[in-house]
Amino acid sequence: MMLQGHFIDTLLDVSYRDETNVVFKCWKYFRGITAPTFFTISGLIFSYLLIKAKHSGNAEKRMRKGLVRGLMLIGIGYLLRVPIFEWLIGRFNSNFLSIDVLQCIGLSLIFIVIIYRLTCKKTLIFSVSMLLLSLVIFITEPLYRFMELSDIPKSFSNYMTKDYGSVFTILPWFGYVAFGAFIATLFYRYLERPRFKLATVSGFFIIGLALIYKSAWLFNELYYLLRIKLFEDVAYYNYLFTRLGNVLILFSLFYLFEKYIKQSLILKIGQKTLSIYVIHFIIIYGSFTGLGLYQLIGKTLVPWQAIIGAILFLTFVCFMSFYYGKTNAFVYSGIRRLIDKIKSYTS
């Protein structure tokens, strides 16, 4: 979804972006599910491994690893936007300080480690904290939607506002990571219970439908009952809870067909998401060199070219991640070697 979404969105001619066209409208809707799913699954997997490490007595090691990984993702996120050749000829700007997916996920992982520590590694307290935090972030979105932070350095304000070119901001996207962490606690606590899978699949599906079709109605009712303007604002721009509903339905379907997915190519691709992200970012947006498909082709493709190109692009990037990246470790190992060298010089 990420690969084809970025390819088509970046290269499809603007004249074909017709909101009245059913095909384009469906594509755009499903493309909108990608980021919420990405953030939610990141919180789920990371938190599940963190909680599981406590059971095996490795919680401290896992937390340290989580902090390092969070910092690593933030560093990679910035590195992908560094215009090396522009810097070499003396052209400097602050565009590379813009925030994207990797910085938000990296900072979110650090937040999870801190909150897990503050809750004294108590799974129940951590679970309730994550659920409440995600709900508060989503419900209060109208309060920070148009936040202006002109007096704060861009390196910090970019995490909170899109005014300077950031694609994602920590709010509201940390809300999805927090909700993923909450789901992780459910899996950890109840996974071995009888009929857990049936309850989870049906529960996710029903709650997902309710969030899509009834969450706006609920907030409207709360507004009429309590006369709190915030609830009305949420009801009339309810994309966060709607997308969360999409994510839950997607999770229910994947969990339902778990035994097939575990033996498929999807699982192998899912193990290389960082490698795939880095490779696709370089090819499309021209990281480091400033020459990518966006600069070379631009928004010029007609629909059939965009569709065929997306399929070829997806295949090529996955091939690169399998046979040249091997695993996400190729990114991690390089950065770890750099960190080790820095430590050796400073010690």
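Calculation criteria
- Residues numbered from 1 in each chain as written.
- Predicted model: local features only at pLDDT ≥ 70, side-chain atom pairs only at ≥ 80, totals over all residues.
- Heavy atoms only, no water.
- Axes fitted to C-alpha atoms, helices over the stretch in contact; angles between N-to-C directions.
- Helix = DSSP H or I, 4+ residues; strand = E, 2+ residues; numbered from the N terminus.
- Parallel < 35°, antiparallel > 145°, perpendicular 65-115°, else oblique.
- Left-handed = near helix turned anticlockwise from the far one by under 90°.
- Contact = heavy atoms within 4.5 Å.
- Nonpolar A, V, L, I, M, F, W, Y, C, P; charged D, E, K, R; others polar.
- 1 Å grid on protein atoms, 1.4 Å probe; cavity = no way out; pocket = protein on both sides within 12 Å on 5 of 7 lines; lining within 4 Å.
- Points joined across faces, edges and corners; volume = space filled by probe spheres on them.
- Core = buried A, V, L, I, M, F, W, Y, C linked by side-chain atoms within 4.5 Å.
- Buried < 20%, exposed > 50% of the residue type's maximum accessible area, 1.4 Å probe, protein only.
- Phe/Tyr/Trp six-rings, centres within 6.5 Å; stacked < 30°, edge-to-face > 60°.
- Expected span 1.5 Å × (residues − 1).
- Polar contact = N/O pair within 3.5 Å; in protein donor to acceptor, adjacent residues only side chain to side chain.
- Patch = residues over 30% accessible without salt bridge, like charges linked within 9 Å, V, L, I, M, F, W, Y side chains within 5 Å.
- Areas by Shrake-Rupley, 256 points an atom, 1.4 Å probe, with all protein chains shown as cover.
- Salt bridge = Lys/Arg side-chain N within 4 Å of Asp/Glu carboxyl O.

J.: What should I look at first to understand the packing of helix α9 (residues 170–190) against helix α10 (residues 196–226) in this one?
T.: Relative to each other, α9 and α10 sit at 160°, their axes nearing to 11 Å. Taken together, the axes of α9 and α10 are roughly antiparallel relative to one another. The two elements α9 and α10 cross, and the hand of that crossing is right-handed. Touching I183, L186, F187 and Y190 of α9 are F196, T200 and F204, all from α10. For the contact of α9 with α10, the per-class residue count stands at 6 nonpolar, 1 polar and no charged.

J.: Even after reading the chapter, I still don't get empty space enclosed by the protein, so can you show me in this structure?
T.: Where empty space is left can be seen by rolling a probe of water-molecule size over the atoms. The tally for this structure, following the rule as stated, stands at 2 cavities of 30 Å³ or more. Volume-wise, the largest cavity comes out at about 50 Å³. Lining the largest cavity we find F138, E141, P142, V234, Y237, N238, Y239, L240 and F241. For the lining of the largest cavity, the elements supplying multiple residues, two or more each, are α7 (141–144) and α12 (239–256). Counting residues per element, the lining of the largest cavity draws most heavily on α12, which supplies 3 residues. Taken together, the residues that form the lining of the largest cavity break down as 7 nonpolar, 1 polar and 1 charged. What the second largest cavity holds in volume is close to 30 Å³. As for the second largest cavity, its lining consists of G77, L80, R81, D100, L102, Q103, Y277 and F281. When residues of the lining of the second largest cavity are traced back to their parent elements, those giving at least two are α5 (101–118) and α15 (273–285). Residue composition of the lining of the second largest cavity, by class: 4 nonpolar, 2 polar and 2 charged.

J.: In this structure, what is going on with the nonpolar core? I would like to understand it.
T.: Note that soluble globular proteins tend to have their nonpolar side chains buried in a common cluster. F7, F39, I112, F126, F174 and I183 are the most contacted members of the largest nonpolar core, which totals 84 residues. At 12 residues, α9 tops the list of elements feeding residues into this core. Apart from the residues lying within four places of it in its own chain, the contact partners of F174 are S108, F111, I112, I115, L133 and I137.

J.: Even after reading the chapter, I still don't get the packing of aromatic side chains, so can you show me in this structure?
T.: Where two aromatic rings form a pair, the distance of their centres and the angle of their planes describe that pair. According to the stated counting rule, one finds 22 aromatic pairs in the structure shown. Summarising the aromatic geometry, the rings of Y29 and F30 are spaced 5.8 Å apart at their centres and angled 85° between planes, so their arrangement reads as edge-to-face. Residue Y29 is classed as partly exposed on the basis of its relative accessible area, which comes to 34%. Judged by its relative accessible area of 48%, F30 falls in the partly exposed class. Centre to centre, the rings of F111 and F174 are 5.5 Å apart; their planes meet at 80°, and the pair counts as edge-to-face.

J.: Is there a simple way to explain α5 in this structure?
T.: Helical geometry: 3.6 residues make up each α-helical turn, so side chains three or four residues apart lie on a common side. Relative to the 26 Å expected for 18 residues at 1.5 Å per residue, α5 spans 26 Å between its end C-alpha atoms, a close match to the ideal helical length. Burial analysis of α5 places 14 of its 18 residues in the buried class, which makes it a mostly covered element. Where α5 terminates, the next one or two residues include C120, which has phi positive at roughly 60°.

J.: How should the packing of α10 against α12 be read in this particular structure?
T.: Helix packing geometry: the angle between the two helix axes and the distance between the axes. One way to put it is that α10 packs onto α12 with a least axis distance of 8 Å and a crossing angle of 165°. As summarised for this structure, α10 and α12 are arranged roughly antiparallel, according to the angle between their axes. Like other packed secondary-structure pairs, α10 and α12 cross with a definite hand, here left-handed. Of the residues in the contact of α10 with α12, the class split is 16 nonpolar, 7 polar and 1 charged.

J.: Can you help me understand the side chain of S47 in this one?
T.: Residue position: S47 is located in helix α2 (residues 22–55). For S47, a relative accessible area of 0% corresponds to the buried category. A distance of 2.8 Å separates a polar side-chain atom of S47 from the backbone oxygen of G43. Excluding residues that lie within four positions of it along the chain, S47 makes contacts with I112, F126, A181 and A184.

J.: How should a nonpolar patch on the surface be read in this particular structure?
T.: Residues F205, I206, L209, Y213, L253, F254, L256, F257, Y260 and I266 make up a contiguous nonpolar surface patch of roughly 1000 Å² in combined accessible area. Breaking the nonpolar patch down by element, the ones donating at least two residues are α10 and α12. Looking at the nonpolar patch element by element, the count peaks at 4 residues for α10. One can find I266 in helix α14 (residues 265–270). With relative accessibility at 49%, the residue I266 sits in the partly exposed group.

J.: Mind showing me how you'd approach the layout of surface pockets here?
T.: Taken as a whole, the second largest pocket encloses approximately 560 Å³ of empty space. As for the second largest pocket, its lining consists of 27 residues, of which H6, D9, R31, V167 and F168 are closest to the centre. With 9 residues, α2 is the largest single contributor of residues to the lining of the second largest pocket. Taken together, the residues of the lining of the second largest pocket break down into 15 nonpolar, 5 polar and 7 charged.

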